[in-house]
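Notes for the structure review
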Amino acid sequence: MSDEGNSVNIKDPGAKSAGSYHHGDLRAAVIAAGLKRLEEGDGAELGLRALARDVGVSATALYRHFPDKEALLDALADEGLRRLGALQAQAWLKAGGGRAGFLATGVAYVRFAHEEPAVFRLNQTMPHLENPEVAALHAWSLVHGLAMLVLDRRIGWDEALIGQIVGMTFGGVD
């Protein structure tokens, strides 16, 4: 092979310098880096600057995707919920649905918490509340209770009403 055909050794005159790296999908890369830090137990440093270093971009490049740390944590929590949902759906299908599927989704939930505790806890936290565990239990109780009331036909399905009731709790969390 001639030197001209060896593209590994030929420098592209239009290439960016090492200090100005362009990332293909920065948002996804930062979320992956954040999840990696969580999985490795390095969750103490989930700041935008640290993650920018991890993916090789300037911190200011991240602000287009994450205006603040709260937005980053929300994105990480969303990805955690997506993973959990996918695992539960797979468990349901593998078990064949029904009672066995219900059992399998519960086991998948606990397995997710066991295997990815930092990601699981990220989905549980509401740091601005005095007692986030009690707030989470309250919220779960509310939506579960409403679901049962609808299923048992104690109240009719009215999405606007349900939104108003749920909003009384979740609207107060902000």
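Scroll up to find the structure this text is about.
These remarks concern the structure in this document. These numbers come from a predicted model, not from an experiment. (Residues numbered from 1 in each chain as written. Predicted model: local features only at pLDDT ≥ 70, side-chain atom pairs only at ≥ 80, totals over all residues. Heavy atoms only, no water.)

Nonpolar side chains collect at one region of the surface, where W92, L93 and F102 lie side by side and expose about 400 Å² of accessible area between them. Assignment of secondary structure puts F102 in helix α5 (residues 98-115). (Patch = residues over 30% accessible without salt bridge, like charges linked within 9 Å, V, L, I, M, F, W, Y side chains within 5 Å. Areas by Shrake-Rupley, 256 points an atom, 1.4 Å probe, with all protein chains shown as cover. Salt bridge = Lys/Arg side-chain N within 4 Å of Asp/Glu carboxyl O. Helix = DSSP H or I, 4+ residues; strand = E, 2+ residues; numbered from the N terminus.)

Before going further, it helps to examine the environment of R27. Within the secondary structure, R27 is located in helix α1 (residues 26-39). Classification of R27 by relative accessible area gives partly exposed; the value is 34%. Taking the C-alpha atoms as reference points, R27 and L62, separated by 35 residues in sequence, lie 7.7 Å from one another. R27 has contacts with H65, F66 and A75, leaving out every residue within four places of it along the chain. (Buried < 20%, exposed > 50% of the residue type's maximum accessible area, 1.4 Å probe, protein only. Contact = heavy atoms within 4.5 Å.)

Here the focus is helix α4 (residues 69-95). Helix length check: α4 (27 residues) gives 39 Å between terminal C-alpha atoms against 39 Å at 1.5 Å per residue, within 8%. Listing the buried residues of α4 in full gives L72, L73, A75, L76, A77, E79, G80, L84 and A91. Taking the backbone nitrogen of E70 as reference, a side-chain oxygen 3.3 Å away marks D68 as the first, capping residue of α4. Within two residues after α4, G96 carries a phi angle of roughly 85 degrees, on the positive side. (Expected span 1.5 Å × (residues − 1). Polar contact = N/O pair within 3.5 Å; in protein donor to acceptor, adjacent residues only side chain to side chain.)

All right, on to the packing of α1 against helix α2 (residues 48-55) then. As a packed pair, α1 and α2 sit with axes 9 Å apart at the nearest point and diverge in direction by 105 degrees. By the angle between their directions, the pair α1 and α2 is classed as roughly perpendicular. Listed contacts from α2 to L26, A29, V30, A33, G34 and R37 of α1 are A50, L51, D54 and V55. Along the lines of polarity and charge, the residues of the contact of α1 with α2 split into seven nonpolar, one polar and two charged. (Axes fitted to C-alpha atoms, helices over the stretch in contact; angles between N-to-C directions. Parallel < 35°, antiparallel > 145°, perpendicular 65-115°, else oblique. Nonpolar A, V, L, I, M, F, W, Y, C, P; charged D, E, K, R; others polar.)

With that out of the way, let us pick up the packing of α1 against α4. Angle between the axes and distance between the axes are the two parameters that describe a pair of packed helices. The interhelical angle for the contact between α1 and α4, taken along N-to-C directions, is 75 degrees, at an axis separation of 10 Å. The angle between α1 and α4 places the two elements in the roughly perpendicular class. Here R27, V30, I31, G34, L35, L38 and E39 of α1 come into contact with α4, specifically with L72, A75, L76, E79 and R83. A per-class count over the contact of α1 with α4 returns seven nonpolar, one polar and four charged.

A word on unusual backbone geometry. In the Ramachandran plot, R153 falls in the positive-phi region, its phi being about 60 degrees despite a non-glycine side chain. With respect to the element layout, R153 can be found in the loop between α7 (132-151) and α8 (159-173).

Among the nonpolar cores identified, the biggest contains 27 residues, and V30, L38, V55, L62, F66, L72 and L76 are the most heavily contacted of them. Elements with a minimum of two residues in this core: α1, α2, α3 (59-62), α4, α5 and α6 (117-124). Among the elements that line this core, the one with the most residues is α1, at seven residues. (Core = buried A, V, L, I, M, F, W, Y, C linked by side-chain atoms within 4.5 Å.)

Topologically, E116 is positioned in the loop between α5 and α6. When its relative accessible area of 17% is taken as the criterion, E116 is described as buried. When near neighbours in sequence (up to four residues on either side) are disregarded, E116 contacts E39 and R83.

Just geometry here; none of it tells us what the structure is for.
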